[in-house]
Amino acid sequence: MAGVATILSQTSNLSTVEIKSYLDSLSATFETLDDSERITSLRQIILLVSTRQDVRIPKKLGTVLVKALVKHHESRNPFLDACIQIVLQHIPSKTIEIPEGRNDVSKVLNVIASKPVEQIDTLILMLLRIVSTQGFSLDTLSRALSLITSLPVLHGQNLKKEQVNIIEGLFIDWLLKASLEEASNPYKRNFFGKSDQPSTVTEIDGSLNRDFFTILNVGKYYTDDQLLNVHSFSVLKVWLQQQEMSDVKNVNKEFLETIIDYCFRVMDQAERKPKVFQDADVQHAVVIEAISILDSICKLETCLIPRVFQTVKRLHSKLVLAQDVSQPRILLALLQFFLNHSEAVVYDPQPFIDFYFDKVIYNQFGNSSVAFDTVMFIIDNLETLCFKTHIFKFFPNILKILAWNPRSYIHEFLEILPAMLSETTAIEVLHTLLDLPCMTAGLEVSCRIGKSDVTQSFTAVVEAMMSPMNRPLFNFILRHEGGHGDTIDRLNKLHVLLEDLNQLPRVVVCSQIVPVLIRLFFKVICDDSDERLAGQLVPVIIERVGLLYKAAQFESEIKKILADGMLMLFELYPKLLMQQHEEIRDYIGSLRHAVNNEEFFVHMVWIVGEYASQAYDSRCTSEVISQLYELLECVTYELSSILQNDTQSQYSVRLLAVLMTSQAKLASRCQDLIPRVILCLTKISQQKQKQSIVDDENDSRAIIDRANDLISILRIPNVAATILSPAEDVRNGTCHKNNTSLAIFLQNITELLQPSSRPEI
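Note that the coordinates shown come from a computational prediction; the quantities given were computed from them, not determined experimentally.

Caption draft 1: Representation of the overall build of the chain in the model. Per the secondary structure count, the chain includes 39 helices and zero strands. Across the 761 residues in the chain, those meeting the buried criterion constitute 50%. Partitioning the contacts of the chain with sequence separation of at least 6, the portion at a separation of at least 24 is 73%. Roughly 37100 Å² of accessible area belongs to the chain as shown, and the carbon and sulfur atoms make up 51% of that amount.

What follows is the structure, encoded as structure tokens:
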């Protein structure tokens, strides 16, 4: 740092003329410096041009640095890094002189083309000259071809129509006219002047080649034009995709027909059994690429769809009829093709979709490449899949990808999850999300069945899983598709069987992402669903809050989210209280439901106190309010007794406070209940006054104050109704605009809050 500071202080005092003189002298002496001196000089240049706005690198020095790149391009060292940085960031393209030697061009081509080019047309002409002129090395041609097909990505620059025609004409030659003879052995020395008879390349199964050369032909050594054929095929998809995005539509049918012929040939070659086992992977990759290329061609020229469709469908039929799930990436490429073009030929791809997302995903969910490709396929085609297919009936299979890779795909599934939710699937999706750690544990077990290296904990679970009694439980949690029931009666039994696996790393991570998904679930439901679906969810949430998989911190966090979700539903649809009256009464009427679920129980008590009103639902009569009050009163007395006799109780005074408040709210709407509520609150206050000597004084004081405040309010029934059950205009702040009795209301509130107005207990 001291050295840098010294250089900066020195350069700040130099004039522009002095700096220019230094750079000119460096241009003349750079080649004679040793490595350490050159690195020091380059670092000084970087500091100069970075800190002085008036410094420009002279053209001569730029040429010297480009020559240095050519000379040292194969070595990766600090000198080369510094040299590349200067060329990329500080030397204008128009000042760079391209090396004269043809083989030297490729050594700096990537560096030159990667920088912000000021004269892109000059670069395009240079690349066109390289690819269309004989004599350049294969390396140079390959680099130039890659760059010219990547120009729209690198610089947002499309080629002109005549330039496109030149490139596509060259593609035709490179793809169809490659030599059929192998190259001679470059390592063999011929001492007697005899030349070996050239051999012909073979098919991948070892048979003689009887057609034009393709990427799937095999030879011991390859000629330059054969390698250029391979390279041309590898950039075809990028080239076609760029033409799709081009403003200038230029469809060269001869070029497209050539590509189709090439792709059909490699698809035929891929059906041959490879002579070398490893070549099967090459076949697989080439077929995927060919299908993607044909897909792009059909997007460019729709009149070619019928011809291409027949060949692609033949490959699809062969795989599906054989129920072949061993080539999932080919199947996915086929599925993408059908999704894009089936309407043009009136073909229904749904059976193929069913096969892939049923059989294939069930068998290949653990394959990382298949998982990635499938998730990307869903995201890329999300709108089409939602409106034109029934893919999301297989949401249990799709969620297996997330269950097995919870850390990898959480962001992607936050995008996919809303598409899974509908009136018919929402409840089952909620159950599945809540049991996602169980799915992960079940997948861990199923992957270890029949293996010898299984730990003792897994052995016990595997034995339980194979038991005829428990097998239906595992079959359900690992089912292929939805629609077979929301959940299972013995879900608690499944949780117990899998409890020993809750510390597995994959299960732990899965349990950490479920809260994020459940929050999104409630957001989507509240934004897009109707009251009917919300009503169906209420009993499900009440049931599941006490039925969760026991994983680290999973239960407590999910219970809180379910409680918040319930509040969101009732805030949107207060009438749910009467629609689900029986379930809610059964739940709040028993204090045992608050054991280990107090947060949720508190929310349910608050909901009853807040929304049990005729203002929300005419069915909420005085009789209904009285019934709800009696339940809360019994629970309040029971809880007060427990808190009085057990100083280490698992219940909190917060629950007691909410119970008291909810009773007061109900009484404000049904004034016949006011005497009973005042009596109940008075008893609780007196109990707490006696108990405060041995109990937490702050808690006791809070309960006593709450009871006294509520009693004071209830002694003035008209005011109680305004305070505890305010009208909608009071809630939304418009009361001051239309309430003519505001002065009387404020006077009553003032008198109520005076210390002298409090009743003595």
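Caption draft 2: Region of interest: the pattern of salt bridges. Counted according to the given criterion, the structure contains 26 salt bridges. Of the charged contacts in the structure, one is a salt bridge between Arg-519 and Glu-557, with a shortest N-O distance of 3.5 Å. Within this pair, whereas Arg-519 is found in helix H26 (residues 505–528), its partner Glu-557 is found in helix H28 (residues 554–572), the two being separated by 38 residues in sequence. Looking at Glu-557, the relative accessible area reads 33%, which means it is partly exposed. Sharing partners across several salt bridges, the network here consists of Glu-257, Asp-261 and Arg-307.

Caption draft 3: The arrangement of the environment of Cys-634 in detail. With respect to the helices and strands, Cys-634 occurs in helix H32 (residues 622–645). For Cys-634, a relative accessible area of 52% puts it in the exposed group. Sequence separation between Cys-634 and Gly-589 is 45 residues, and the spatial gap between their C-alpha atoms is 7.8 Å.

Caption draft 4: Fine view of the packing of helix H8 (residues 138–149) against helix H11 (residues 224–245). Packing of H8 against H11 brings their axes to within 9 Å, and their N-to-C directions diverge by 5°. In this view, H8 runs roughly parallel relative to H11, as classed from their interaxial angle. Contacts between H8 and H11 pair Leu-138, Leu-141, Ser-142, Leu-145, Ser-146, Ile-148 and Thr-149 from the former with Asp-224, Leu-227, Leu-228, His-231, Ser-232, Val-235, Val-238, Trp-239 and Gln-242 from the latter. Of the residues contributing to the contact of H8 with H11, the split by class is nine nonpolar, six polar and one charged.

Caption draft 5: Structural context of the packing of helix H14 (residues 305–321) against helix H15 (residues 328–341). Viewed as axis vectors pointing N to C, H14 and H15 meet at an angle of 140°, and their least axial separation amounts to 11 Å. Like other packed secondary-structure pairs, H14 and H15 cross with a definite hand, here left-handed. For the pair formed by H14 and H15, the contact residues are Ile-305, Val-308, Phe-309, Val-312, Lys-313, Leu-315, His-316 and Leu-319 on the first element and Ile-330, Leu-331, Leu-334, Phe-337, Phe-338 and His-341 on the second. Broken down by class, the residue content of the contact of H14 with H15 amounts to 11 nonpolar, two polar and one charged.

About the criteria used
Residues numbered from 1 in each chain as written. Predicted model: local features only at pLDDT ≥ 70, side-chain atom pairs only at ≥ 80, totals over all residues. Heavy atoms only, no water. Helix = DSSP H or I, 4+ residues; strand = E, 2+ residues; numbered from the N terminus. Buried < 20%, exposed > 50% of the residue type's maximum accessible area, 1.4 Å probe, protein only. Contact = heavy atoms within 4.5 Å. Areas by Shrake-Rupley, 256 points an atom, 1.4 Å probe, with all protein chains shown as cover. Salt bridge = Lys/Arg side-chain N within 4 Å of Asp/Glu carboxyl O. Axes fitted to C-alpha atoms, helices over the stretch in contact; angles between N-to-C directions. Parallel < 35°, antiparallel > 145°, perpendicular 65-115°, else oblique. Nonpolar A, V, L, I, M, F, W, Y, C, P; charged D, E, K, R; others polar. Left-handed = near helix turned anticlockwise from the far one by under 90°.

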